[in-house]
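Residue strings, one per chain:
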Amino acid sequence: MTGPGEWEPEAAELVRPYVITKGRGLPDEAELSLITLVTAAPEGPRRPTRLSPEEQRLLDICSAGYLSVAEIAGHTRLPLGVVKILLAALTEGGYLITRPPVARAPLADREILEEVLNGLRAKFG
Amino acid sequence: MAFAPNSVEPPHAVEPPHAVEPPHAVEPDTAGDPPAPHAGPGTSPRLGAQAYVRGGATQTAVKILVVGHFAVGKTTFIGTISEIEPLSTEETMTRAGEEIDDLKGVTGKTTTTVAMDFGRLTISDRVVLYLFGTPGQQRFVQMWEDMARGALGALVLVDPERLADSFQVIDLIEQYSLDYAIAVNHFDGAPLRDEAALREALDLLDDTPVVTCDARDEKSSAAALTTLVRYLLDRVR
Ligand SMILES: Nc1nc2c(ncn2[C@@H]2O[C@H](COP(=O)(O)OP(=O)(O)O)[C@@H](O)[C@H]2O)c(=O)[nH]1
Ligand SMILES: [Mg+2]
């Protein structure tokens, strides 16, 4: 993936991010993309665990609606790698939903592009 | 804001849960999103209702990249189109030391920070569009992969006075097989003098759209985005 001399995200390298993430590694990109929408699980976890202040803060921010992973990182000012790790852990623990129920079949590319085109025209004339 | 290597406590250090500010008036979300089960005393979110994705439970999130060299107008463009105050996120990147640190005589790690800006536009109750902006820096592989994966396409902002600065960005976009349109960001507002010369300099395909755009102007920026999306649509039809 990443060759020698290439830049890699530092999520678990520095002491503080390491502590925040409890040393966990970056989650699989397929699970959490920049635009994965995240919200608090309505029921909460079945077996609540003690959350770190950072985990609690992410959970709080996610409690009033859906945000993308990127927006959560932007609002909390935590590095993206750290946010992904924490969100993955909170999801695993049952605190968050990162795969919200999709009420309809996912839209095909063409449908999405048509919708975007129409939306832009409607909004901006 | 990423962590500086030496800072013990970053300035945005997370407050303990009991120290959070009083909650903003958060409107109950009426769009079918779940209620706020964890918003007990002292743990209320500090984001206003408009910060959240409307109808997030059923939205399909998509993204378009806004790329270009430094100071070409990416952040301005995203701010013009976005319905939220544009956000940014940074990643501290390291590179295993292949160079010897002259002063200390030890092999160290090089650390740098890369940022991306982004904004959001709710297109309808079915689609929410994110715009991600980043400069083209080849070696930030991870960030580029994060951004490019699943993107609908890219709008490449180009300064006609600094065409050579756009080569690297266009290379990257092509490397990730993203379809793109060129928005010539005209700082003086003058009409594009020679589109043919620009096409040749940038080695564009004949059907690659080229539009002029003032990133500070909503109509102009939206028109550039519309041109890109129409082009993307032509390509899937
Ligand atoms: N005249 C003019 N100025 C612009 C335009 N787009 C951006 N700028 C200005 O150029 C500077 C750099 O823009 P910015 O959006 O920060 O560039 P970025 O580095 O690509 O994000 C800012 O001072 C903007 O106000 C434009 O279309 N016309
Ligand atoms: Mg910028």
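Look a little higher up for the structure.
Let me begin by describing the structure that accompanies this report. The structure displayed is predicted, hence computed values, not measured ones. (Residues numbered from 1 in each chain as written. Chains lettered and ligands numbered in written order. Predicted model: local features only at pLDDT ≥ 70, side-chain atom pairs only at ≥ 80, totals over all residues. Heavy atoms only, no water.)

**A few points about the packing of helix H5 (residues 109–124) of chain A against helix H5 (residues 218–236) of chain B**
No. 1: One way to put it is that H5 of chain A packs onto H5 of chain B with a least axis distance of 9 Å and a crossing angle of 160°. Between H5 of chain A and H5 of chain B, the angle falls in the class roughly antiparallel. The interaxial crossing formed by H5 of chain A with H5 of chain B has left-handed handedness. Counting all contacts with H5 of chain A, which are made through Arg110, Leu113, Glu114, Val116, Leu117, Leu120, Arg121 and Phe124 of chain A, the residues of H5 of chain B involved are Glu218, Lys219, Ala222, Leu225, Thr226, Val229, Arg230, Leu232, Leu233 and Val236 of chain B.
No. 2: Classifying every residue of the contact of H5 of chain A with H5 of chain B by side-chain character gives 11 nonpolar, one polar and six charged. (Axes fitted to C-alpha atoms, helices over the stretch in contact; angles between N-to-C directions. Helix = DSSP H or I, 4+ residues; strand = E, 2+ residues; numbered from the N terminus. Parallel < 35°, antiparallel > 145°, perpendicular 65-115°, else oblique. Left-handed = near helix turned anticlockwise from the far one by under 90°. Contact = heavy atoms within 4.5 Å. Nonpolar A, V, L, I, M, F, W, Y, C, P; charged D, E, K, R; others polar.)

**Brief notes about the pairing of strand E1 (residues 60–67) of chain B**
All names here are of chain B.
No. 1: Counted residue by residue, E1 has seven buried out of eight residues, so it is predominantly covered.
No. 2: Relative to strand E4 (residues 127–134), E1 runs parallel, the two sharing eight bridges. When the sheet's bridge partners are listed, Val67 is paired in E4 with Thr134.
No. 3: As paired elements, E1 and strand E5 (residues 153–158) share four bridges and run parallel to each other. Residue pairing in the sheet places Leu65 in a bridge with Ala154 of E5. (Buried < 20%, exposed > 50% of the residue type's maximum accessible area, 1.4 Å probe, protein only. Pairing = 2+ DSSP bridges.)

**Section: the site of ligand 1**
Residue and element names in this part refer to chain B.
No. 1: Taken together, 14 residues lie near ligand 1, and Ala71, Lys74, Thr75, Thr76 and Asn185 sit nearest.
No. 2: Between ligand 1 and Gly73 there is a distance of 3.0 Å, counted from an oxygen atom to a backbone nitrogen or oxygen.
No. 3: Here Arg216 contributes a side-chain N or O atom positioned 3.2 Å from a nitrogen atom of ligand 1.
No. 4: Protein burial of ligand 1: of its 580 Å² of free accessible surface, 71% is covered by the chains. (Near = heavy atom within 4 Å. Polar contact = N/O pair within 3.5 Å; in protein donor to acceptor, adjacent residues only side chain to side chain. Areas by Shrake-Rupley, 256 points an atom, 1.4 Å probe, with all protein chains shown as cover.)

None of this, on its own, says anything about what the molecule does.
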